[in-house]
Amino acid sequence: MRNNSIDRDENITRQLNGFRDWLEERNRAENTILVYTFAVRQFYSLYDSPESNCLQLYKCFLLEHYKPQTVNLRIRALNCYMEYLNISAPPISMLRMQQKTYVENVISQADYEYLKRCLMRDGNHLYYFLIRFMAATGVRVSELVRFQTTDVEKGWLNLYSKGNKIRRIYIPKSLQSDTLAWMVREEHPPGFLFLNRLGSPVTPAAIRGQLRKFSALYGLNPAVLHPHSFRHRFAKNFIEACGDISFLSDLLGHQSIETTRIYLHRSRAEQQIIVNQVVNW
């Protein structure tokens, strides 16, 4: 007779595989799929079935162990899982969080230029182009690793999001020209653009880890040396140079233009600098 725990584990594995396939059919990002399946696996490690009382207990568990942002992410994952199971129970309520009206921990233009110079000086062309792509296109790190050599030749990359909507990522002409020249010098093989030393595509985790090393190597603030910081840099530079917030929202792939409005406001650090420069009375 089979052990009940083995049957349960196999059933959960089937559920998770089905959930993953369901998410992929809806064009969810790979990172989202990993986070959502992790949350479901964590739930089943604590409770037997997705009944209403178990879901509320899981929410209490999250509140005791995680920050509000993580709590909401796990709740969102479980609600999505309930939708996959076609369970008509009311969704788990999210925590109400105050929306920030500005972005913090954004790399300054000066530090961005300094980092590029350091990488070029040290011959680290891979990360030189990698951070240029983030800062000049506004892509998320999960999107960055999807660039291929043919995208550089075309000058753009099409990404498919929820509802099979297409978002086009444009590669600026100057970046395209420099990247094409780099590809020729390096005799870059066709396929993925950003490869590690073994010839495999660079992963988002590897990029995050390398940026942490650069902060120590070049004396930069580690709080601003993360992939999303360069996406913020792109948005701030674009809104200052162009001013078209609707276009910026499309470029960033925001679901709502209200999300993009955060770039219209200055951070506390920027406010401090302006006050120091302007107020002399």
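Our subject is the structure that appears above.
### Quick notes on the overall build of the protein chain
From N to C terminus, the protein chain includes 14 helices and two strands. Residue pairs at least 24 apart in sequence account for 59% of intrachain contacts in the protein chain once pairs closer than 6 positions are excluded. Counting every atom, the protein chain has about 16600 Å² of accessible surface; 52% of that belongs to carbon and sulfur.

### Quick word on helix 11 (residues 227-241)
Here helix 11 is 15 residues long and its end C-alpha atoms lie 22 Å apart, about the 21 Å a rise of 1.5 Å per residue gives. Where burial is concerned, most of helix 11 is hidden: 11 out of the 15 residues are buried. Restricting attention to buried positions, one finds in helix 11 the residues Pro227, Ser229, Phe230, Arg231, His232, Arg233, Phe234, Ala235, Lys236, Phe238 and Ile239. With its phi angle positive at about 85°, Gly243 sits one or two positions after the end of helix 11.

### Brief notes about the environment of Glu30
Its place among the elements puts Glu30 in helix 2 (residues 30-46). For the pair formed by Glu30 and Ser142, sequence separation is 112 residues and the distance between their alpha carbons is 7.7 Å.

### Considerations on the pattern of salt bridges
Side-chain pairing between opposite charges can occur once the charged atoms of the two side chains come close. If you walk through the whole model with that rule in mind, you get nine salt bridges. For Glu113, the salt bridge goes to Lys116, with nearest N and O atoms at 3.3 Å. Taken together, the residues span about one helical turn, with Glu113 and Lys116 both in helix 5 (residues 109-121) at a distance of three residues. Relative accessible area serves as the criterion here: at 14%, Lys116 is assigned to the buried category. Between Arg121 and Asp122 there is a salt bridge, and its shortest N-O distance comes to 3.0 Å. Residue classification places Asp122 among the partly exposed residues on the basis of a relative accessible area of 42%.

### Describing the pairing of strand 2 (residues 166-170)
Within a regular strand, the side chains alternate between the two sheet faces. By the alternation rule, side chains of strand 2 split into Arg167 and Ile169, which are all buried, and Ile166, Arg168 and Tyr170, of which none is buried. Relative to strand 2, strand 1 (residues 156-160) runs antiparallel, the two being bridged by five bridges. Residue pairing for strand 2: Leu157 is matched across the bridge by Ile169.

### Observations concerning the packing of aromatic side chains
Scanning all chains against the criterion turns up 20 aromatic pairs. The interplanar angle of 15° and the centroid separation of 6.3 Å between the aromatic rings of Tyr58 and Phe61 together place this pair among those described as stacked. Separated by three residues within a single helix, Tyr58 and Phe61 lie in helix 3 (residues 52-65), roughly one turn from each other. Residue Tyr58 is classed as buried on the basis of its relative accessible area of 1%. When the centroid spacing of 5.6 Å and the interplanar angle of 70° are considered together, the rings of Phe238 and Phe247 count as edge-to-face. Take Phe247: its relative accessible area is 37%, and that puts it in the partly exposed class. What links up through ring pairs into an aromatic cluster is the set Phe19, Trp22, Phe43, Tyr44, Tyr47, Tyr58, Phe61, Tyr66, Tyr81 and Tyr84. Here the guanidinium or amino end of Arg74 rests over the ring plane of Tyr66, the centre of that ring lying 4.7 Å away. The ring of Trp156 is capped by Arg168, whose NZ or CZ atom sits 3.6 Å from the centre of that ring.

### Details of helix 12 (residues 245-252)
Restricting attention to buried positions, one finds in helix 12 the residues Ile245, Leu248, Ser249, Leu251 and Leu252. Each buried residue of helix 12 sits inside an arc of 165° when the element is viewed along its axis, so together they form one side. Regarding helix 12, its N-cap is Asp244, as a side-chain oxygen of that residue lies 3.2 Å from the backbone nitrogen of Ser246 further along. Note on helix 12: the residue one or two positions beyond its end, Gly253, has a positive phi of about 75°.

### Quick word on the nonpolar core
Among the nonpolar cores identified, the biggest contains 38 residues, and Leu115, Phe133, Leu144, Phe147, Phe194, Ile207 and Phe230 are the most heavily contacted of them. For this core, the secondary-structure elements that each account for two or more residues are helix 5, helix 6 (125-137), helix 7 (141-144), strand 1, helix 9 (173-185) and helix 10 (204-217). Core analysis: the next-biggest nonpolar cluster, separate from the first, contains 25 residues, Tyr44, Leu55, Phe61 and Val71 among them.

### Describing the environment of Thr179
Structurally, Thr179 is set in helix 9. Exposure remark for Thr179: the relative accessible area of 0% places this residue in the buried category. Separated by 46 residues in sequence, Thr179 and Phe133 place their C-alpha atoms 9.6 Å apart. Excluding anything up to four places from it in sequence, Thr179 contacts Phe129, Phe133, Val152 and Leu193.

Calculation rules
- Residues numbered from 1 in each chain as written.
- Predicted model: local features only at pLDDT ≥ 70, side-chain atom pairs only at ≥ 80, totals over all residues.
- Heavy atoms only, no water.
- Helix = DSSP H or I, 4+ residues; strand = E, 2+ residues; numbered from the N terminus.
- Contact = heavy atoms within 4.5 Å.
- Areas by Shrake-Rupley, 256 points an atom, 1.4 Å probe, with all protein chains shown as cover.
- Expected span 1.5 Å × (residues − 1).
- Buried < 20%, exposed > 50% of the residue type's maximum accessible area, 1.4 Å probe, protein only.
- Salt bridge = Lys/Arg side-chain N within 4 Å of Asp/Glu carboxyl O.
- Pairing = 2+ DSSP bridges.
- Phe/Tyr/Trp six-rings, centres within 6.5 Å; stacked < 30°, edge-to-face > 60°.
- Lys NZ or Arg CZ within 6 Å of the ring centre and 35° of its normal.
- Arc of directions from axis to C-beta.
- Polar contact = N/O pair within 3.5 Å; in protein donor to acceptor, adjacent residues only side chain to side chain.
- Core = buried A, V, L, I, M, F, W, Y, C linked by side-chain atoms within 4.5 Å.

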